[in-house]
Amino acid sequence: MRVFSLPSRIEGIIFDIDKTLYDNEIYARHQIDVLIGRLAQELSLTFKEAQEKIRRCRADHEEREDNGCRSLGNIFAALGVPIETSVAWREDLIHPESFLKKDEFLVKTIEELSGLYRIMAVTNNPVKIGRETLAILGVDRFFQHVVGLDSTMKSKPNPDVFRFALETLDCDPRKAVSVGDRYEVDIEPALSIGLGGILVDGVTDVYSLPPLLALGR
C-alpha cells in the first residue's frame, strides 16, 4: 500500500472495485479477454490481431501523453466502439458470479468504514456489473452509490468521473480519498482535483484501512 495524500479530515471514501475489493487474477484477465474477443468479432480480426491493434493504439496515445487511453473503454472508443456499445458488451459478457464469492473480512472492514464515512464505488464497468460484484462480495448494502461507465459515459482516468462521484456523494474533494489499485487510473486523476489517494495492492490492503484512515478523523 502507498499513501499519496491523506486529508486532515476524511468524510468520504471512493473505492475502485476490480482488483481493489477482491483478488482474482483469472477473473481480471477474463474481463479483458472477453472484451478483446468481442472487438475482434466486430472488426473481423483474430484475437491476436485485435490485441495488437489495442497495443498500437495505447502506444500511440502514450506517445502523445494521453493517459485517457490507459482504460480499455477509452481505447475501444478510440478504435470506433462507442462507450454505449462498451457498456452493452460488458453487461452481456462479464459475469462476476462465476468467479467471486463472499469475503467475510471485507464485509467486516466495509461495515466498519461505512459507520464512519460516506462511501461509494466508482468502476469502469457498468453500474449493473459493479452492483452485482459488490453483492457477491457481501458488501452491496454498505454502498449507497455506485458510479459506472454508464453513469457519465466517461471512463477513468477522466477526472470528470471523480467530479461526478463527489457530487453524488455530496462531499468536498478536500475531505475525500480515492482508493484503488492503479495509480494512473484511480489515484492520479483524483489527486488532480484535490482528493487524497491510497494505492493498494489488493483487498488485503483494504482490510488494513480502518486504523490508517482513523488518522484523518
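Above this text you will find the structure in question.
Residues numbered from 1 in each chain as written. Predicted model: local features only at pLDDT ≥ 70, side-chain atom pairs only at ≥ 80, totals over all residues. Heavy atoms only, no water.

Chemist: I'd like to hear about helix α9 (residues 183-192), residue by residue, with values.
Modeler: V185, D186, I187, P189 and A190 are the residues of α9 that are buried. The secondary structure elements touched by the buried residues of α9 are β1 (2-5), α8 (159-169), β5 (176-180) and β6 (196-199). In the segment just after α9, G194 is the residue with positive phi, at about 105 degrees. (Buried < 20%, exposed > 50% of the residue type's maximum accessible area, 1.4 Å probe, protein only. Helix = DSSP H or I, 4+ residues; strand = E, 2+ residues; numbered from the N terminus. Contact = heavy atoms within 4.5 Å.)

Chemist: Quick one: what's the story with the nonpolar core, residue by residue and with numbers?
Modeler: Buried together is how nonpolar side chains tend to be arranged in soluble globular proteins. The biggest cluster of nonpolar side chains holds 45 residues, and the ones touching the most others in it are I13, F15 and F143. Tallying contributions element by element places helix α1 (residues 25-43) first for this core, with six residues. Once residues within four sequence positions are removed from consideration, I13 is found in contact with L113, Y117, R118, I119, M120, L169, V177, V179 and L213. Listed in part, the 14 residues of the second largest apolar core include L166, C171, A176 and L195. (Core = buried A, V, L, I, M, F, W, Y, C linked by side-chain atoms within 4.5 Å.)

Chemist: Tell me what's going on with the pattern of salt bridges, and back it up with residues and numbers.
Modeler: A complete count under the given rule lists 16 salt bridges for this structure. Salt-bridge contacts for R56 lead to E52; the nearest nitrogen and oxygen are separated by 3.7 Å. Linking R56 with E52, this pair stays in helix α2 (residues 47-63), spanning four residues, or about one helical turn. Put simply, R9, E11, R118 and K175 are held in one network by salt bridges that share partners. (Salt bridge = Lys/Arg side-chain N within 4 Å of Asp/Glu carboxyl O.)

Chemist: Kindly report on the side chain of T109, identifying the contributing residues and their values.
Modeler: Position of T109 among the secondary structure elements: in helix α5 (residues 104-114). For T109, a relative accessible area of 6% gives the class buried. Reaching out from T109, the side chain makes a polar contact with the backbone oxygen of F105 at a distance of 2.9 Å. Each residue touching T109, except ones within four places of it in the same chain, is listed here: V206, Y207 and P210. (Polar contact = N/O pair within 3.5 Å; in protein donor to acceptor, adjacent residues only side chain to side chain.)

Chemist: Break down the packing of α1 against helix α4 (residues 83-93) for me, with residues and values.
Modeler: Running from N to C, α1 and α4 point in directions that differ by 125 degrees, and their axes come no closer than 10 Å. Relative to α4, the element α1 is oriented oblique. The two elements α1 and α4 meet at a crossing, and its hand is right-handed. When α1 is examined against α4, the residues H30, V34, L35, R38, L39 and E42 are found in contact with a partner set consisting of W89, R90 and L93. Considering only residue class, the contact of α1 with α4 consists of five nonpolar, one polar and three charged. (Axes fitted to C-alpha atoms, helices over the stretch in contact; angles between N-to-C directions. Parallel < 35°, antiparallel > 145°, perpendicular 65-115°, else oblique. Left-handed = near helix turned anticlockwise from the far one by under 90°. Nonpolar A, V, L, I, M, F, W, Y, C, P; charged D, E, K, R; others polar.)

What is shown is where atoms sit, not what they do.
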